[in-house]
Amino acid sequence: MAPLVLIFSIFLLSFSSSISSQKVHPLDPLTPSEFTLVQTIVQKAYYGSKLNLTFQYVGLEEPEKATVLQWQSKPHSVKPPRRALVHARSNLQTLEIVVDLSTRSIVSKQVHVGQGFPMFTEEEQAAASELPFSYGPFIESIKKRNLNISQVVCTTLSVGWFGEVTPKTSEIKVQCFYTNGTANYYLRSVEGITLTVDLDDKKIVQYRDRIRVPVPKAEGTDFRLSKQKPPFGPRLKGTGVVPPNGDPGFKVDGHVISWANWAFHLGFDVRVGPVISLASIYDIEKHKYRRVLYRAYISELFVPYMDPTEEMYFKTYFDCGEFGFGQSAVSLEPLTDCPANAVFFDAYYAGQDGSPVKTTNAICVFEQHAGNIMWRHTETGLPKEVREVRQDVSLVVRMVSTVGNYDYILDWEFKPSGSIKAGVGLTGVLATKAVPYTHIDQINRDVYGAFLAENTVATHHDHFLNYYLDLDVDGQDNSFVRTDLVTRRASGNNTPRKSYWDIVRETAKTESDAKIKVGLRPSEYTVINPNKKTKVGNDISYRLMPGSVASPLLTSDDYPQIRAAFTNYNVWVTPYNKSEKWAGGKFVGRSRGDDNLEIWTLRNRKIENKDIVLWYTIGFHHVPCQEEYPVMPTLSGGFELRPANFFESNPVLKVIPAKHVSWPNCTTHH
């Protein structure tokens, strides 16, 4: 194991030094010094606000797309502006500010007058979680339950919107748990207590203690290995990938990563997490890189729980827009979250006071040798059998975001064949509530979930992840094509067949043409470049290979569904608009659904042969089961973007097979 640790350390050092030595790319995330500069400029401008200004979101204000592409083709011909977008709170107002870092000035500022609130900060969530412990009614409620208040912990939950008059203040719910005897406190809720905190006044504004239910037992809930008792499960044997000479297999130049036939820019944002930009693949026949993706990231994650009771109805989370996937990113564990050949790098975001906050090892990148087959064929019809096999290798970008009880493993996988696979793994701890029952036979009413252990119900819920995919298939102007597979009757006397299937293609002309519920009929979905053809005349394109398809089951007039209207269809296509970044809208907290993907598409803009964006939503309906208790084995899903007539032929036909490395001090046994 010692050699693996040594190689891992080298990767860290070489990666860190490469970042600091390179020039700034126009899509690079903000640096710690830039966060500090933004903090200084904004605080100076708003000094008269009695210093109660808080930074809720600070991220890169993207340059115009045309400017970035011009810079990429001729780096010295243009200097894109370096700017930051700031969402702040001050004096009960939400501020939108754009800071120019080059001129050290504010170039745009306005007060948000619409609905919704910006992301929660970690600091205000922590402060809200502490308020119950100095609140008399809560202390009394804990005493009545005969619980030790020193063993109680509290967490925060978004409040949502349920038809109330336009709220003036940002609020958050607080729920409390009992840790005594376990680190897995999410399975030991102190049921019946509901608190609401005004984040602007930092006060508890609503309190209710409605019911008392026994706190579930701590026994059997802890997930730490050190707390487990015999009998133990199988002992798994370890293996590792050790590249020759400590070479991770790819090059890192600032935030640009080059591997095999791929090159792309890797960014980070406090709201959405990892951002893939300018993904291009080298075509050995054309002797050049050809762009596939301009920008891609998870724009929103909607998690509605299916319990309408007083303590649960509001649990309808927007994890990106309310809590921030990037803000919730956790440090990755070497050799377990990522393999020994991974390169790690840190991420930075602005804290509530604007100061830079560092998440160590927030993202890892690694070559994946999973034992998969890239392609193969055995030809047995020849006098001498011919067999050709190519081992598959891919490059993975990974981040893990822990939003409360759930851990989301976010992967972007690049394959030499030209495919890009987006993957998400759901693990962590189920959201549960305490109930008075110790056996399922005792239940005589709807508990809105699965009974998993004594006094414990895990609530039914959904996960909907919306991906922003600005595809530039060999150029900016693209079209979206739906190809339906249609059954035909075989006619004539020259065949005994009765039927076959054929295809019917339809190019979407406007946004309404491209709203699709996947799975209702057999179809394929492609983004084509109508201005370029292959040598034999096919449209150059990339195909969306759907996965993890789910449609919302809430009624269209239910308030959470109004806010999450982007889940009404799996596929949407819009003309590129730099301001349309997040499917749930700019300010999601307590939003009313009047600024989201559905509203934007009501304009029914033209999308044929335009610079277009594909928005794709994958989903999971989750009915919990006992195998997911006390911690959940990873449930995986995702989708693939796959070349379809993008190349003239198989792009990995001539791939040079990987050399097999002989391990030192090892022998092969027959």
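Bear in mind that the values here come from a model prediction, so they are computed numbers and not experimental data.

Rules used throughout
Residues numbered from 1 in each chain as written. Predicted model: local features only at pLDDT ≥ 70, side-chain atom pairs only at ≥ 80, totals over all residues. Heavy atoms only, no water. Helix = DSSP H or I, 4+ residues; strand = E, 2+ residues; numbered from the N terminus. Rg over C-alpha atoms; globule rule 2.2 N^0.38 Å. Contact = heavy atoms within 4.5 Å. Areas by Shrake-Rupley, 256 points an atom, 1.4 Å probe, with all protein chains shown as cover. Pairing = 2+ DSSP bridges. Axes fitted to C-alpha atoms, helices over the stretch in contact; angles between N-to-C directions. Salt bridge = Lys/Arg side-chain N within 4 Å of Asp/Glu carboxyl O. Patch = residues over 30% accessible without salt bridge, like charges linked within 9 Å, V, L, I, M, F, W, Y side chains within 5 Å. UniProt positions renumbered as here; feature names shortened; annotations may be inferred. Buried < 20%, exposed > 50% of the residue type's maximum accessible area, 1.4 Å probe, protein only. Core = buried A, V, L, I, M, F, W, Y, C linked by side-chain atoms within 4.5 Å.

### Thoughts on the overall build of the protein chain
Then, number 1: When its secondary structure is counted, the protein chain shows eight helices and 32 strands.
Then, number 2: Relative to a compact globule of 670 residues, whose C-alpha radius of gyration would be 26 Å, the protein chain shows 27 Å and is just as compact.
Then, number 3: The principal-axis extent of the C-alpha atoms belonging to the protein chain is close to 85 × 65 × 65 Å.
Then, number 4: Here the analysis covers contacts within the protein chain between residues at least 6 apart in sequence; of these, 68% occur between residues at least 24 apart.
Then, number 5: Accessible area of the protein chain: about 31,600 Å², with a carbon and sulfur share of 52%.

### Looking at the sheet that holds strand β3 (residues 93-100)
Then, number 1: Pairing in this open sheet of four strands is antiparallel, and the strands run β1-β2-β3-β4 from one edge to the other. What marks the edges here is a single partner per strand, and that holds for β1 (54-61) and β4 (105-111). Going from strand to strand, the sheet's axes swing by 20 degrees on average, the running direction of each strand aside.
Then, number 2: Note: β1 against strand β2 (residues 83-90), seven bridges, orientation antiparallel. Along β2, the bridge assignment pairs Tyr57 with His87.
Then, number 3: Along the sheet face, helix α2 (residues 32-45) touches β1, β2, β3 and β4 and points at about 125 degrees away from the line of β1.

### Observations regarding the pattern of salt bridges
Then, number 1: This model, assessed by the stated rule, comprises 40 salt bridges.
Then, number 2: Between Lys358 and Asp346 there is a salt bridge, and its shortest N-O distance comes to 3.5 Å. Of the two residues, Lys358 sits in strand β16 (residues 356-368) while Asp346 sits in strand β15 (residues 343-350), which places them 12 residues apart along the sequence.
Then, number 3: Among the salt bridges present, the one from Glu524 reaches Arg543, with a minimum N-O distance of 3.0 Å. Pair noted here: Glu524 is in strand β28 (residues 523-533) and Arg543 is in strand β29 (residues 539-545), with a separation of 19 residues, a long-range link.

### Details of a nonpolar patch on the surface
Then, number 1: A grouping of Tyr282, Ile284 and Tyr289 is seen on the molecular surface, where their side chains present a nonpolar patch of about 280 Å² in accessible area.
Then, number 2: Topologically, Tyr289 is positioned in strand β13 (residues 288-304).

### Topic: the UniProt feature "modified residue: 2',4',5'-topaquinone" (unreviewed entry) in the protein chain
Then, number 1: Taken from the UniProt record, the annotation "modified residue: 2',4',5'-topaquinone" (unreviewed entry) applies to Tyr406.
Then, number 2: Tracing the backbone through its elements, the reader meets Tyr406 in strand β20 (residues 406-414).
Then, number 3: On the accessibility criterion, Tyr406 (2% relative accessible area) is buried.
Then, number 4: Setting aside residues up to four positions removed in sequence, Tyr406 forms contacts with Tyr305, Ser401, Leu426, Thr427, Val429, Leu430, His461, His463, His622 and Met632.

### A closer look at the nonpolar core
Then, number 1: Residues Tyr408, Trp412, Tyr467 and Phe480 are the most contacted members of the largest nonpolar core, which totals 102 residues.
Then, number 2: No other element matches β13, which puts six residues into this core.
Then, number 3: If we skip the residues at most four places from it in the chain, Trp412 touches Ile276, Ala296, Tyr297, Leu395, Val396, Val397, Ile420, Lys421, Ala422, Tyr467 and Leu469.
Then, number 4: Residues Phe302, Tyr576, Ala583 and Val613 belong to the second largest nonpolar core, which totals 25 residues.

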